[in-house]
Amino acid sequence: GSLSSEAFSVYGSYTTLCLPLFSLAPTLASSVSMPILPRLGKAIADRDIQAQTDAVNEGLCLTSLISMPVSAGLALYSKEILTLLFKNQPEAIELCAPLLTVLSFSVGLSCLVTYSNAVLQAYGHPSIPLLSMGVGAIVKIVLAYFLIGNESINIMGAPISTFFCDLVINLISFACICRCIPKKIAVGKTLVLPFASAVISVGVSKIAYGAVTARYGEGNLMTAVGICIAALLYC
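Conventions adopted
Residues numbered from 1 in each chain as written. Predicted model: local features only at pLDDT ≥ 70, side-chain atom pairs only at ≥ 80, totals over all residues. Heavy atoms only, no water. Helix = DSSP H or I, 4+ residues; strand = E, 2+ residues; numbered from the N terminus. Rg over C-alpha atoms; globule rule 2.2 N^0.38 Å. Buried < 20%, exposed > 50% of the residue type's maximum accessible area, 1.4 Å probe, protein only. Contact = heavy atoms within 4.5 Å. Areas by Shrake-Rupley, 256 points an atom, 1.4 Å probe, with all protein chains shown as cover. Lys, Arg positive; Asp, Glu negative; His and termini not counted. Charge placed at Lys NZ, Arg CZ, Asp CG, Glu CD. Salt bridge = Lys/Arg side-chain N within 4 Å of Asp/Glu carboxyl O. Core = buried A, V, L, I, M, F, W, Y, C linked by side-chain atoms within 4.5 Å. Phe/Tyr/Trp six-rings, centres within 6.5 Å; stacked < 30°, edge-to-face > 60°. Lys NZ or Arg CZ within 6 Å of the ring centre and 35° of its normal. pLDDT = per-residue confidence, 0-100. Axes fitted to C-alpha atoms, helices over the stretch in contact; angles between N-to-C directions. Parallel < 35°, antiparallel > 145°, perpendicular 65-115°, else oblique. Patch = residues over 30% accessible without salt bridge, like charges linked within 9 Å, V, L, I, M, F, W, Y side chains within 5 Å.

**Notes on the overall build of the chain**
Helix and strand counts for the chain come out as 10 helices and 0 strands. Each helix (α) and strand (β) of the chain, taken in turn from the N terminus, gives the series α-α-α-α-α-α-α-α-α-α. Taken against the 2.2 N^0.38 rule, which gives 18 Å for 235 residues, the C-alpha radius of gyration of the chain at 20 Å falls within 12% of a compact globule. In the chain, buried positions account for 41% of the 235 residues. For the chain, contacts bridging at least 24 residues in sequence account for 78% of all contacts bridging at least 6. Carbon together with sulfur atoms contributes 70% to the accessible area of the chain, which is approximately 12400 Å² in total. Looking at charge distribution, the chain has the averaged site of its 12 positive side-chain charges lying 11 Å from that of its 11 negative ones.

**Observations concerning the pattern of salt bridges**
All told, the structure shown has 4 salt bridges when counted by the stated rule. Residue Glu 94 is joined to Lys 79 by a salt bridge in which the shortest nitrogen-to-oxygen separation is 2.8 Å. Linking Glu 94 in helix 5 (residues 90-103) with Lys 79 in helix 4 (residues 78-85), this pair joins segments that are 15 residues apart in sequence. By relative accessible area, Lys 79 is classed as partly exposed at 39%. Residues Glu 80 and Lys 206 are paired through a salt bridge, measuring 2.8 Å at the closest nitrogen-oxygen approach. Of the two residues, Glu 80 is situated in helix 4 and Lys 206 in helix 9 (residues 187-216); the sequence distance between them amounts to 126 residues.

**Details of the nonpolar core**
Counting residues in hydrophobic clusters, the biggest one holds 31 residues, and the most contacted among them are Tyr 14, Leu 17, Cys 18, Leu 21, Leu 74, Leu 82 and Leu 100. Of the residues forming this core, the biggest block, 8 residues, is contributed by helix 1 (residues 2-33). In contact with Leu 21, other than residues within four places in its own chain, are Leu 74, Ile 81, Leu 82, Leu 85 and Leu 100. Residues Val 56, Leu 120, Ile 181 and Ile 185 belong to the second largest nonpolar core, which totals 18 residues.

**Quick word on the packing of aromatic side chains**
Working definition: an aromatic ring pair is given by the centre-to-centre distance plus the angle between the planes. This structure, assessed with the given rule, holds 3 aromatic pairs. For the ring pair Tyr 145 and Phe 146, a centre distance of 5.2 Å and an interplane angle of 85° mean the geometry is edge-to-face. The exposure classification of Tyr 145 matches that of Phe 146, with both residues exposed. Residues Phe 163 and Phe 164 carry aromatic rings whose centres are separated by 5.2 Å and whose planes lie at 85° to one another, so their mutual orientation is edge-to-face. By relative accessible area, Phe 163 is classed as partly exposed at 26%. Overall, the relative accessible area of 37% leaves Phe 164 in the partly exposed class. When the ring centre of Tyr 77 is taken as reference, the NZ or CZ atom of Lys 206 above it lies at 4.9 Å.

**Topic: the confidence of the model for the chain**
On average, residues of the chain score 90 in pLDDT, and 98% of them reach the 70 mark or higher. Per-element confidence in the chain is highest for helix 7 (residues 127-148), whose mean pLDDT is 95, and lowest for helix 1, whose mean pLDDT is 80.

**Side note on the packing of helix 5 against helix 8 (residues 157-180)**
Contact geometry of helix 5 with helix 8 gives a least axis separation of 9 Å together with a crossing angle of 5°. Classified by the angle their axes make, helix 5 and helix 8 are roughly parallel. On helix 8, the residues touching Leu 99, Val 102 and Leu 103 of helix 5 are Pro 159, Ile 160 and Thr 162.

**Some thoughts on a nonpolar patch on the surface**
Taken together, Ile 200, Val 204, Leu 221, Val 225, Ile 229 and Leu 233 make up a surface patch of nonpolar side chains, about 550 Å² in accessible area. Listed by contribution, the elements that provide at least two residues to the nonpolar patch are helix 9 and helix 10 (220-234). The dominant element in the nonpolar patch, judged by the number of residues it contributes, is helix 10, at 4 residues. Turning to its location among the elements, Ile 229 is positioned in helix 10. Owing to a relative accessible area of 34%, Ile 229 belongs among the partly exposed residues under this scheme.

Printed below as a string of structure tokens:
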């Protein structure tokens, strides 16, 4: 009845407004980081441990450099970005803005899933991505079932289950990658620094955006300027 139609409407808004933005970063990140893989394949064939480590670190760094600012931007500018793109759907925007904020935490993890799966295939372990994604899918299904069924959480369970799904996949994948490479992955350089840079730049931009819009009002132009400021600061 009415509850069923409302549920379909909420889910439709989530899949139409949030998921396309969520899918953008993995596409961009993979196009930048994947060209590293032939170099990794050569290093593996040559049994050059240092070259393998360098290739994995470089690809990981490029993935983070793309995904982290997108994640931070979607988290802090969720409502503004949705308004910029879907201004004729105010009710859907109000519903999806908090969903997109939560979903944004999975952006970086999703990009890392794509990259780690490719690295494991380069090492000749195609079964590990299948295993990790299978475990992640089970986690997502179970969490989504219980969380979405909880009236106090409802549709928010969808992005939460996505986050834990990608987190589990990455934990399994990178544990296996670390066993393939005797040398440690440079976590600080490849993950922590891009994350800190993204949070600081987008955070400063959001503070400036709030100060300006409090005086002059919100609008698509202000949103575009705020995003451009964040991008400049990040660079």
